[in-house]
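So the chains spell out like this:
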Amino acid sequence: MTDHGFSLRDVVVRRGDHTVLDGVDADIPSDGITVLWGPSGAGKTSLLRLLDRLDVPDSGSVSYGGTPLDDLDVLALRRRVGMVFQRATPFAGTVRDNLAVAAPAADDEAVRRVLERVSLDASLLDRDADTLSGGELQRMCLARTLITEPEAVLLDEPTSALDEEPRRAFERSVLELARDGLTVVWVGHHEAQVERVADRVLRVEDGRVLA
Ligand SMILES: Nc1ncnc2c1ncn2[C@@H]1O[C@H](COP(=O)(O)OP(=O)(O)OP(=O)(O)O)[C@@H](O)[C@H]1O
C-alpha cells in the first residue's frame with residue numbers, strides 16, 4: 001500500500017432495509033486515476049462518499065494513508081481529499097469569489113496557477129459564475145477544489161452533464177493533474193471515457209467490488 005492511498009475493509013452501508021455496500025474490500029493506490037465503474041445503482045457514489053467521510057459505513061473500516069478515517073480530523077481530511085460532484089455547485093458571485101471561498105488567503109499568483117491547471121482563461125476571473133458554460137463551470141469547481149492543494153480528488157461523474165468537447169477538455173485537465181502526482185478517484189459512466197482516463201478500474205456491482 002502506498003503512502004496516501006485508500007483502503008476499505010469489509011465495508012457495509014445500509015439505507016433502510018437496502019444494503020448499498022455489502023462487504024467491500026478494496027485498495028485504491030495513490031498513483032494515477034482509479035475509475036469506479038459499474039451499472040447504475042451499483043453503489044459507486046456511495047463508495048466515493050465514504051472516502052471523504054461525507055458518509056460513514058455501518059460496519060467495516062476505511063483508511064487513508066494507513067490511518068482509519070475515524071482517527072483523522074474530518075476538516076483536515078477534506079483539505080487533503082477534495083471532491084467534485086456530478087452537478088457543478090457554484091456559489092453566488094464571480095469565479096474569483098468562488099475560489100476565495102475555498103482559499104481566502106490565496107494570492108493572485110496561486111489563483112492564476114490553479115486556473116491554468118484546469119485550462120480556464122484568467123479573463124474569466126471577474127465573470128459571474130452563473131454566466132459560465134457547463135464545461136467552464138465544472139472546471140471552476142475543479143479549480144476550487146485544487147486551490148487548497150489536496151493530495152487526492154474524488155470525482156463523481158463530473159462530466160455526465162457535458163457535451164463531448166467540454167468533456168474531453170475536462171478529461172485532459174485531470175489526466176495532466178494525475179501525471180503531476182494528484183491521486184484521482186473517478187466514478188465513471190461512459191465506457192469510452194473509462195478507457196481514455198483509467199490507469200485501473202474497480203468494477204462495482206450490486207454493492208460489491210469485484211477483483
Ligand atoms: N439515502 C439513500 N436512501 C435509500 N437508498 C439509497 C440512498 N442512497 C443510495 N441508495 C440506493 O443505494 C444504491 C446505490 O446507490 P449509488 O448512488 O451509490 O449507486 P451508483 O452506482 O452511484 O449509481 P449511479 O451510477 O446511478 O449514480 C441505489 O439502489 C440507491 O437507490
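Residues numbered from 1 in each chain as written. Predicted model: local features only at pLDDT ≥ 70, side-chain atom pairs only at ≥ 80, totals over all residues.

Some words on the overall build of the chain
Right, so step 1: Secondary structure assignment for the chain yields seven helices and 10 strands.
Right, so step 2: Against the compact-globule benchmark of 17 Å for 211 residues, the chain has a radius of gyration of 17 Å, which places it among compact chains.
Right, so step 3: Along the first, second and third principal axes, the C-alpha atoms of the chain reach 50 × 35 × 35 Å.
Right, so step 4: Buried positions account for 37% of the 211 residues belonging to the chain.
Right, so step 5: A fraction of 73% describes how many contacts in the chain between residues 6 or more apart in sequence connect residues 24 or more apart. (Helix = DSSP H or I, 4+ residues; strand = E, 2+ residues; numbered from the N terminus. Rg over C-alpha atoms; globule rule 2.2 N^0.38 Å. Buried ≥ 20, exposed ≤ 12 C-beta atoms within 10 Å, placed from the backbone. Contact = placed C-beta atoms within 7 Å.)

Quick look at the confidence of the model for the chain
Right, so step 1: Per-residue confidence for the chain averages 94 on the pLDDT scale, and 98% of its residues sit at or above 70.
Right, so step 2: Here the predicted complex carries an ipTM of 0.90, next to a pTM of 0.93. (pLDDT = per-residue confidence, 0-100.)

Some words on the nonpolar core
Right, so step 1: Among the nonpolar cores identified, the biggest contains 53 residues, and L36, L51, A143, L154, V184, V185 and W186 are the most heavily contacted of them.
Right, so step 2: Here L51 is in contact with F6, V62, V81, L154 and V185, once residues within four sequence places are set aside. (Core = buried A, V, L, I, M, F, W, Y, C linked by C-beta atoms within 7 Å.)

Digging into the site of the ligand
Right, so step 1: If you check the shell around the ligand, you find R15, G16, H18, V20, G38, S40, G41, A42, G43, K44, T45 and S46 and nothing else.
Right, so step 2: Those elements giving two or more residues to the shell around the ligand turn out to be strand 2 (18-28) and helix 1 (44-51).
Right, so step 3: Here the shell around the ligand gets three residues from one element, more than from any other, and that element is helix 1.
Right, so step 4: Residue classes in the shell around the ligand are distributed as two nonpolar, eight polar and two charged. (Near = placed C-beta within 6 Å. Nonpolar A, V, L, I, M, F, W, Y, C, P; charged D, E, K, R; others polar.)

Overview of the sheet that holds strand 2
Right, so step 1: Pairing is antiparallel across the open sheet formed by four strands, whose spatial order is 2-1-4-5. Both outer strands of the open sheet, strand 2 and strand 5 (67-68), are each paired with one neighbouring strand and no more.
Right, so step 2: By the bridge criterion, two bridges tie strand 4 (residues 59-64) to strand 5 in an arrangement that is antiparallel. By the bridge assignment for strand 5, S63 is matched with P68.
Right, so step 3: In the packing of helix 1 onto the sheet, the strands contacted are strand 1 (6-15), strand 2 and strand 4, and the crossing angle to strand 2 comes to about 60°. (Pairing = 2+ DSSP bridges. Axes fitted to C-alpha atoms, helices over the stretch in contact; angles between N-to-C directions.)

Regarding helix 5 (residues 134-146)
Since the α-helix packs 3.6 residues into each turn, any two residues three or four apart lie on the same face.
Right, so step 1: Taking 1.5 Å of rise per residue, the 13 residues of helix 5 would be expected to cover 18 Å, and the 18 Å separating its terminal C-alpha atoms lies within 8% of that figure.
Right, so step 2: Most of helix 5 sits out of view: 12 of its 13 residues are buried.
Right, so step 3: Those residues of helix 5 hidden inside the fold are in contact with strand 6 (81-84), helix 3 (95-102), helix 4 (108-117), strand 7 (152-156) and helix 6 (164-179). (Expected span 1.5 Å × (residues − 1).)

Some points on the UniProt feature "domain: ABC transporter" (unreviewed entry) in the chain
Right, so step 1: Following the UniProt record, one finds the feature "domain: ABC transporter" (unreviewed entry) at residues 6-210.
Right, so step 2: The span residues 6-210 is 34% helical and 28% strand by assignment, and the distance between its end C-alpha atoms comes to 16 Å. (UniProt positions renumbered as here; feature names shortened; annotations may be inferred.)

Considering the sheet that holds strand 10 (residues 208-210)
Right, so step 1: Taken together, the six strands give an open sheet; going across it, the order is 6-7-8-3-9-10, and neighbouring strands pair in mixed fashion. Strand pairing shows two members of the sheet lacking a second neighbour, strand 6 and strand 10, which therefore form its edges. Mean inter-strand twist for the sheet, computed between neighbouring axes without regard to direction, equals 20°.
Right, so step 2: In this structure, strand 7 lies alongside strand 8 (residues 183-187), joined through five bridges in parallel fashion. Note that in strand 8 the partner of D156 across the bridge is V187.

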